[in-house]
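Chain by chain, the residues run as shown.
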Amino acid sequence: MSSYYAGVDVGGTTVKMGLFSEAGELLEKWEIPTRTGENGKYILPDIAESIEEKRASRDGDIKGIGVGIPGPITDDGTVLKCANLGWGVFSVKDTLSELTGVDNVKVGNDANVAALGEMWKGGGQGFDSIVMVTLGTGVGGGIILKGKALTGSAGAAGEIGHIKVNFEETERCGCGKTGCLEQYASATGIVRMAKKELREDSCLARCEKITAKDVFDGAKAGDAYCLEIVEKFGRYLGIALGCVAQVVDPEAFVIGGGVSAAGSIITDTVSRFYGENVMFALKDKKFCLAELGNDAGIYGAIRMVLQ
């Protein structure tokens, strides 16, 4: 009878899942809806049921389950409230273990888990200490040191999107503060900056709805205004990553999320400003683009179990 491992990445809309071999090879991946009704009470039972269906279809054993959760998680697998899932404080590890009969269950914050996946099988391969930055609707972060996720005392380490980078900002971030990195480096932040002082001679003035992709495409084409916005983006992100490096000293930074599709213009710009804002001993760092996309979470979940 064959043995398998299940990787689970819980999102607010869907749960991404993968079945892996003992060697860490992805055999099959699928998704199920995230049923957040009634304080998310169906989420873990749905996951357990889906894993059991896959196990039964392959007539094998599930030796371990790794789970990434969009919220703070303690080292013993307890979630400390997760608003977008409707969860309060309870042990995800114990609950899922009871539902599946699998003792080997590991749970982590989704950003840290994705970072672990990228270090193992993605853009961070070859390094054991990385900082992963996810640039999407917001800015997330995951920190891996010596192959282990840095979780912090309450499971909330790596929230780099809310590092204050501009003390002159008057508009408020979604977190309630002003001048957060997320206001300049997220997709919404880039668009906000672009709209703020939009010039008529920019290609963006012809866009019906400006997107972050439009800004980067314009910069690549030499549009002066788009280049200014990309420079601002790179400066703020470079400053923030410099602050992170001064504390954790990673070998590399891996940049992912939807915005990272812009490619090397991001790594080139950010690494330049990073280098201008760190001490000499921290300058020689590698900047990479993430490679696993939406699969980073399930790979990282498996890595937790196989460690």
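This text follows the structure it describes.
Participant: Give me the nonpolar core: which residues, what numbers.
Facilitator: Nonpolar side chains tend toward joint burial in soluble globular proteins. Membership of the largest hydrophobic core comes to 42 residues, with the highest contact counts inside it found for L135, F216, F233, L237, L241 and I266. For this core, the secondary structure elements donating two or more residues are β8 (130-135), β9 (139-145), α5 (182-185), α6 (187-196), α7 (212-220), α8 (224-248), β11 (252-256) and α9 (264-275). Examining the composition of this core, we find that twelve residues originate from one element, α8, more than from any other. The contacts of F216, once residues within four sequence positions are left out, are I190, V230, F233, V259, A262, I265 and I266. Membership of the second largest hydrophobic core comes to 28 residues, among which are V15, W30, I51 and C82.

Participant: Please set out unusual backbone geometry residue by residue, giving values where relevant.
Facilitator: With the exception of glycine, most residues fall at negative phi, and the peptide bonds are largely trans. One non-glycine residue with positive phi stands out, namely K81, at about 70°. Examined against the element boundaries, K81 turns out to sit in strand β5 (residues 78-82).

Participant: Could you give me a rundown of the packing of aromatic side chains, with the residues and numbers involved?
Facilitator: In this structure the tally under the stated criterion is eight aromatic pairs. Aromatic side chains W120 and Y299 sit 6.2 Å apart centroid to centroid with 70° between the ring planes, which places their arrangement in the edge-to-face category. Pair noted here: W120 is in helix α4 (residues 110-121) and Y299 is in helix α10 (residues 296-306), with a separation of 179 residues, a long-range link. An aromatic cluster is present here, built from F20, W120 and Y299 joined pairwise through their rings. Across the ring face of W30, the terminal group of K54 is positioned such that the distance to the ring centre comes to 4.8 Å. The ring of W120 has K121 sitting right over it, with the charged end atom 4.9 Å from the ring centre.

Participant: Would you mind going over the side chain of S3 in detail, with residue names and values included?
Facilitator: Along the chain, S3 turns up in strand β1 (residues 3-10). S3 sits in the buried class, given a relative accessible area of 16%. Setting aside its immediate chain neighbours within four residues, S3 contacts E22, D61 and K63.

Participant: Requested: an account of the sheet that holds strand β2 (residues 14-20), with residues and values cited.
Facilitator: For sheets, the rule is that strands pair by backbone hydrogen bonds, running either parallel or antiparallel. Ordered by their spatial adjacency, five strands build an open sheet running β3-β2-β1-β4-β7, and the pairing between neighbours is mixed. A single partner strand is all that each edge strand has here, and the edge strands are β3 (26-33) and β7 (105-109). For this sheet the average axis-to-axis angle between neighbouring strands, irrespective of direction, equals 15°. Across five bridges, strand β4 (residues 61-69) lies against β7 in parallel orientation. Residue G68 lies in a different strand from β7, and its bridge partner there is G108. Docked against the sheet, α4 engages β1, β4 and β7, running at close to 105° with respect to β7.

The rules we used
- Residues numbered from 1 in each chain as written.
- Predicted model: local features only at pLDDT ≥ 70, side-chain atom pairs only at ≥ 80, totals over all residues.
- Heavy atoms only, no water.
- Core = buried A, V, L, I, M, F, W, Y, C linked by side-chain atoms within 4.5 Å.
- Buried < 20%, exposed > 50% of the residue type's maximum accessible area, 1.4 Å probe, protein only.
- Helix = DSSP H or I, 4+ residues; strand = E, 2+ residues; numbered from the N terminus.
- Contact = heavy atoms within 4.5 Å.
- Phe/Tyr/Trp six-rings, centres within 6.5 Å; stacked < 30°, edge-to-face > 60°.
- Lys NZ or Arg CZ within 6 Å of the ring centre and 35° of its normal.
- Pairing = 2+ DSSP bridges.
- Axes fitted to C-alpha atoms, helices over the stretch in contact; angles between N-to-C directions.

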